[in-house]
Amino acid sequence: MKETLRQLVLNASIAAFENKEFISADIPAFTIEEPKADAHGDLSTNFALVSAKALKMPPRKIAETLLRHIGGSHPLIEKTEIAGPGFINFFIRPSAWYPVLTEIHAKDMDYGRATTGNGQKVQVEFVSANPTGPLHVGHGRGAIVGDSTAAMLNACGYEVHREYYINDAGRQIQTLGLSVLLRCRELAGQKIEFPEECYQGDYIKDIAEELRREKGDWIFTLPEPEAVAFCSRFAADRMIIEIRNVLNSLGIIFDNWYSEQAMVDAGKVESAIEKFKNQKVIYEKDGALWFNTSAFGDEKDRVVVRNNGQATYFASDIAYHQDKLDRGFDRIIDVWGADHHGYIPRIRAAIEASGKDKSQFTVILTQLVNLLRQGVPVSMGKRSGQFITLKEVIDEVGRDAVRFIFLTRNYDSPLDFDLEIAKQKTNDNPVYYVQYVHARISSILKKAKEENALTIPGIDDPDLGKAMEMIREPEEIRIVKHLARYPETIRQAAELMEPHRVAFFLMELAGDFHAYYNKHRVLTEDPALTAGRLYLIFAVQKVIRNGLTLLGVSAPDSM
RNA sequence: GCGCCUGUAGCUCAGCUGGAUAGAGCAACGGACUUCUAAUCCGUAGGUCGCACGUUCGAGUCGUGCCAGGCGCGCCA
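Residues numbered from 1 in each chain as written. Chains lettered and ligands numbered in written order. Predicted model: local features only at pLDDT ≥ 70, side-chain atom pairs only at ≥ 80, totals over all residues. Heavy atoms only, no water.

**Concerning the protein's contact with RNA strand B**
Thought 1: Taken together, 65 residues are adjacent to RNA strand B, and Arg306, His341, Arg409, Tyr436 and Ser443 come closest.
Thought 2: Of all atoms in RNA strand B that approach within 4 Å of the protein, 66% are sugar or phosphate atoms.
Thought 3: With respect to RNA strand B, the side chain of Lys36 contributes an N or O atom lying 3.0 Å from a phosphate oxygen.
Thought 4: Within the side chain of Arg521, a nitrogen or oxygen atom sits 2.9 Å from a sugar or linking oxygen of RNA strand B.
Thought 5: Broken down by secondary-structure element, the contributors of at least two residues to the surface near RNA strand B are helix H2 (47-50), strand E4 (87-92), helix H7 (171-187), strand E9 (288-291), strand E15 (415-418), helix H17 (431-450), helix H20 (486-496) and helix H21 (500-519).
Thought 6: By residue number, the principal contributor to the surface near RNA strand B is H17, which donates eight residues.
Thought 7: Its residues assigned to classes, the surface near RNA strand B comprises 24 nonpolar, 22 polar and 19 charged. (Near = heavy atom within 4 Å. Polar contact = N/O pair within 3.5 Å; in protein donor to acceptor, adjacent residues only side chain to side chain. Helix = DSSP H or I, 4+ residues; strand = E, 2+ residues; numbered from the N terminus. Nonpolar A, V, L, I, M, F, W, Y, C, P; charged D, E, K, R; others polar.)

Next up, the structure:
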């Protein structure tokens, strides 16, 4: 619809130019958009305002000229007007919206899908929490934002690859192993000193118990370094399984779990360092190796290999991102917690140093989550071991509500997650509001089926046209207009990587539907009217279902 | 001190990359179930868009400077 109008406006401006009424055919970018107020029509353009300078004419004069060339008898347009400083408002004929419904029914699950991605390969890496402890709600936010962003990119024709990077090399894994080993000794009755830098949580004890069940005292026969190494591997494997289960319970499935250790073992860190040494972006100073990140906009250069010969975390990340590029992804998206933002410039430097365009690399920073219970902050201290895990939150609140809550905020804003509010089945928790639409419509369709005289017209049904003509209540037109915006919403959400736009779209659509439902009956005495309304609400149900699916939220038939 | 993010109704948040009279939900108040699910709807009330300049036909949106809060600024991960 928008595109049709855009063409109409452009053609009219060209006609005016050829008629020497406009002095230029070079028109600045103008918009076609839905005005906020219904009184301003269905669609509106600022053409006359933005082109006033180029045409050296007052906006209202431009608008008049343009409208004269558009003429008064377009099949889509009921009427036009010039308003305010020079907006042109278009009022669309109700019948012009009907094809949207037919399109929804024809495309069904594919309604809203686009091909703008052109099959480009995109990798979305998210969560990637260290396997040294359970996931918390902050990880949950990244998980859900990452997963839904991936889903939206996929819906727009990108070939999406979801990946989890496992930090299973390095010191924190050693610490994990040591923590477990000490707990094993404790279980065996030995007196131990449990260091403060070890992981304090009870899950360490659980893993230690499991290890003892499987291996008994065997672990104590190993020399300490080997025992720690074994415990590290054992514990990390257990943690990964646990993490995977929790993410699965949110409906999140990764295409790949990428092991840092495996990458190191394959020599990829060394070869990446070698490569950048040859390019002279890695150099030696004070016995350490440095990456020349400041040449790419970072505050200062960063150490890659310490003077004791140990590679830093950054070295692994250089190699990892190099490997992503080598795997042929056109775009790389990393979802990180906001506390890692200082890390972006150096990773970006590593990407640019390998000759890639920085636009191919995007970081989504999800802001902090404050976990509350009835407005009171819940302690999140990892050190104390006293924290509420993501699993506990999901168990208490439910998958759909957790996902929706994280998706009704821009990831840029810090988020208060109140467990008590999340549990309530009210409008503080709008997931139910949206799902209720789906359930209500299912209920109507079921009833229509039971009264089997009432059926939804098929696309080839000769009576379809007549049925659609019955859709003319303002509340109905409002819904159809809303449905028409769905594909654009998905495109924007994907392009901007802002899945919350879809959640808000659904809430607004739900609002329109509930208002309609309370005012009008779908199942009536008039077969044509009923058919038209069934056609409408079935389309609503499909869009709600499609949108919820992208958000990873279920669309129940009854509630 | 420097960098990133945030600041919109009492609370939680939107605001479609600059449009017209700034919107929802919750909370408050008043109404609507013998009808397809009341997890719903209708109405009332609620605002100096942190503050100040600037950019232009037009600013919650862009720029600069302040103020407030959060998070970062290791040869840690």
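Having seen it, we continue.
**Some words on the sheet that holds strand E10 (residues 302-305)**
Thought 1: Spatially, E8-E9-E10 is the arrangement adopted by the three strands of the open sheet, whose pairing is antiparallel. Bordering the open sheet on either side are strand E8 (282-285) and E10, each of which pairs with just one other strand. The sheet shows a mean angle of 45 degrees between the axes of neighbouring strands, direction not considered.
Thought 2: In the sheet, E9 pairs with E10 via three bridges, with the strands oriented antiparallel. The residue of E10 that forms the bridge with Trp290 is Val303. (Pairing = 2+ DSSP bridges. Axes fitted to C-alpha atoms, helices over the stretch in contact; angles between N-to-C directions.)

**With respect to the domain arrangement of chain A**
Thought 1: What the domain assignment lists for chain A is domain 1 (2-92), domain 2 (126-252 + 367-426), domain 3 (266-351) and domain 4 (430-551).
Thought 2: Here domain 1 and domain 3 have C-alpha centroids that lie 52 Å from each other. (Domains from an automatic or database assignment.)

**Let's talk about the packing of aromatic side chains**
Thought 1: Considering all chains together, one arrives at 19 aromatic pairs under this definition.
Thought 2: Through a chain of ring-to-ring contacts, the aromatic side chains of Phe276, Phe291, Tyr313, Phe314, Trp336 and Tyr343 assemble into a single cluster.
Thought 3: Lys79 extends its terminal NZ or CZ atom over the ring of Phe91, reaching a point 4.5 Å from the ring centre.
Thought 4: Here the guanidinium or amino end of Arg183 rests over the ring plane of Phe194, the centre of that ring lying 3.6 Å away. (Phe/Tyr/Trp six-rings, centres within 6.5 Å; stacked < 30°, edge-to-face > 60°. Lys NZ or Arg CZ within 6 Å of the ring centre and 35° of its normal.)

**Regarding the packing of H20 against H21**
Packed helices, taken two at a time, are described by the angle between their axes plus the distance between the axes.
Thought 1: The geometry of H20 relative to H21 is characterised by a closest axis approach of 8 Å and an angle of 155 degrees between their N-to-C directions. What the angle tells us is that H20 and H21 run roughly antiparallel. For the pair formed by H20 and H21, the contact residues are Tyr486, Thr489, Ile490, Gln492, Ala493 and Leu496 on the first element and Arg501, Val502 and Phe505 on the second.
Thought 2: Tallied by class, residues from the contact of H20 with H21 come to six nonpolar, two polar and one charged. (Parallel < 35°, antiparallel > 145°, perpendicular 65-115°, else oblique. Contact = heavy atoms within 4.5 Å.)

**Topic: the pairing of strand E6 (residues 159-166)**
Thought 1: With six of eight residues buried, E6 is to be regarded as a mostly interior element.
Thought 2: Note that strand E5 (residues 121-125) and E6 share five bridges and pair parallel. For Gln123, the partnering residue across the bridge sits in E6 and is His161.
Thought 3: Crossover handedness for the path E5 to helix H6 (residues 137-155) to E6: right-handed.
Thought 4: The pairing of E6 with strand E7 (residues 256-259) spans four bridges and is parallel. By the bridge assignment, Tyr165 is partnered in E7 with Tyr258. (Buried < 20%, exposed > 50% of the residue type's maximum accessible area, 1.4 Å probe, protein only. Right-handed = clockwise from strand over helix to strand, strands pointing away.)

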